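Breakdown of the fold
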Amino acid sequence: MINRTLRILIVDDEKPNLMVLSSLLKSEAQISLATNGQSALEKARSLKPDLILLDIVLPDQNGFDVIKELKASKATHAIPVMFITGLGDVSSEEKGFDLGACDYIHKPFHLGIVKARVKLHLTLARQRIMLEELANVDPLTAIANRRKCDQHVLAQWTAAYRKQSSILIAMVDVDEFKLYNDEYGHDRGDNALSLVAKALSEQLHRSGDFVARYGGEEFMIVIADTNITGARTVIDNCCNAVRALELEHKSSHHSVVTISVGALVIEPEQQLPKAAIKQADDLLYKAKASGRDKVCWND
Ligand SMILES: Nc1nc2c(ncn2[C@@H]2O[C@H](COP(=O)(O)OP(=O)(O)OP(=O)(O)O)[C@@H](O)[C@H]2O)c(=O)[nH]1
């Protein structure tokens, strides 16, 4: 099950068509409307709909040009586009599919057929979202998994390189977790990992903040556009939040579950992501070696 309402953008310069289609489809998805190509492109970028119903004859640019722009942009290329048009000739229909449309409906349209085809594309959209979640989310902790983390780090690196801004990379590891499993069992261990993931996530409020389960009892935090002062505050808050869970850990020196962290704030032009992650790992090792429940920085 996906936990959000699907969105449809309907683009047509004829108001009666917009009204008929939106009342037909409002029970299936959240509806947004546009009456020309420019507004369709802007709404596609900002609303990220799950399906676009696109007329071809529009006042400013035609639907073929709109779909070309949608398919050329990384932000919108994956949105399915269904033409709904008075251009009934075979060559227009073929052109629509060649440009990447997922469907082509002729006007005057039959309401039942439009609804059935839209429902089919929404089912496919739901399946796509679920697959993406399966591919990117760690099932135990419900935060991003290692695969998503690797993609995120690369994307952030490129963005920060362009903006000449700094990134925080922090490797986080739960302390003496083998002993925790030995003492309390694997199920309690799983539960502790979920609670730690939640505690870390709750300290990350900005849109550029990110946490993933990197593997086992290890997490990675990535914060874009940061400086050392801001980064230190967030990481200290993370350590305090895990300690504040007060998860009993009798075999640990600290008597509750704690984390150790290796962290660095870096400008992407100084290092490649792989080297920065290795450095964070080395710093984490240092934090472990110096008694755990500690953060080691690169300065
Ligand atoms: N319950 C549970 N345990 C896990 C999971 N993934 C990894 N672990 C356990 O985490 C433990 C990690 O042990 P070690 O790598 O020896 O590290 P540690 O005991 O935390 O010791 P330090 O890192 O040195 O503080 C292992 O016992 C793993 O089995 C998981 O998904 N669930």
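From a predicted model like this one, the values you see are computed outputs, not experimental measurements. (Residues numbered from 1 in each chain as written. Predicted model: local features only at pLDDT ≥ 70, side-chain atom pairs only at ≥ 80, totals over all residues.)

**Quick notes on the sheet that holds strand E1 (residues 7-11)**
As summarised here, the arrangement of the five strands in space is E2-E1-E3-E4-E5, forming an open sheet in which the pairing is parallel. The strands lining the two open edges of the sheet, one partner per strand, are strand E2 (30-34) and strand E5 (103-106). For this sheet, the mean angle separating the axes of adjacent strands, direction not counted, is 20 degrees. Taken together, the five bridges between E1 and E2 define a ladder with parallel strand orientation. For Leu9, the partnering residue across the bridge sits in E2 and is Ser32. Packing against the sheet, helix H3 (residues 63-72) makes contact with strand E3 (51-54) and strand E4 (81-85), and its axis sits at approximately 175 degrees to E4. (Pairing = 2+ DSSP bridges. Helix = DSSP H or I, 4+ residues; strand = E, 2+ residues; numbered from the N terminus. Axes fitted to C-alpha atoms, helices over the stretch in contact; angles between N-to-C directions. Contact = placed C-beta atoms within 7 Å.)

**Quick word on the nonpolar core**
Ranked by size, the top nonpolar core spans 51 residues in total, and within it Leu168, Ala170, Val196, Ile221, Val261 and Ala280 carry the most contacts. For this core, the element with the most residues is strand E6 (residues 167-174), which contributes seven residues. What Ala280 contacts, discounting residues up to four positions off in sequence, is Ile169, Ala170, Met171, Gly262, Ala263 and Leu264. In this structure, Ile8, Leu9, Leu25 and Leu54 belong to the second largest nonpolar core, which totals 26 residues. (Core = buried A, V, L, I, M, F, W, Y, C linked by C-beta atoms within 7 Å. Buried ≥ 20, exposed ≤ 12 C-beta atoms within 10 Å, placed from the backbone.)

**Remarks on the UniProt feature "modified residue: 4-aspartylphosphate" (unreviewed entry) in the chain**
Residues annotated by UniProt as "modified residue: 4-aspartylphosphate" (unreviewed entry) correspond here to Asp55. With respect to the helices, strands and loops of the structure, Asp55 is situated in the loop between E3 and H3. Excluding its chain neighbours within four sequence positions, the residues that come into contact with Asp55 are Val11, Asp12, Asp13, Gly63, Ile84 and Thr85. (UniProt positions renumbered as here; feature names shortened; annotations may be inferred.)

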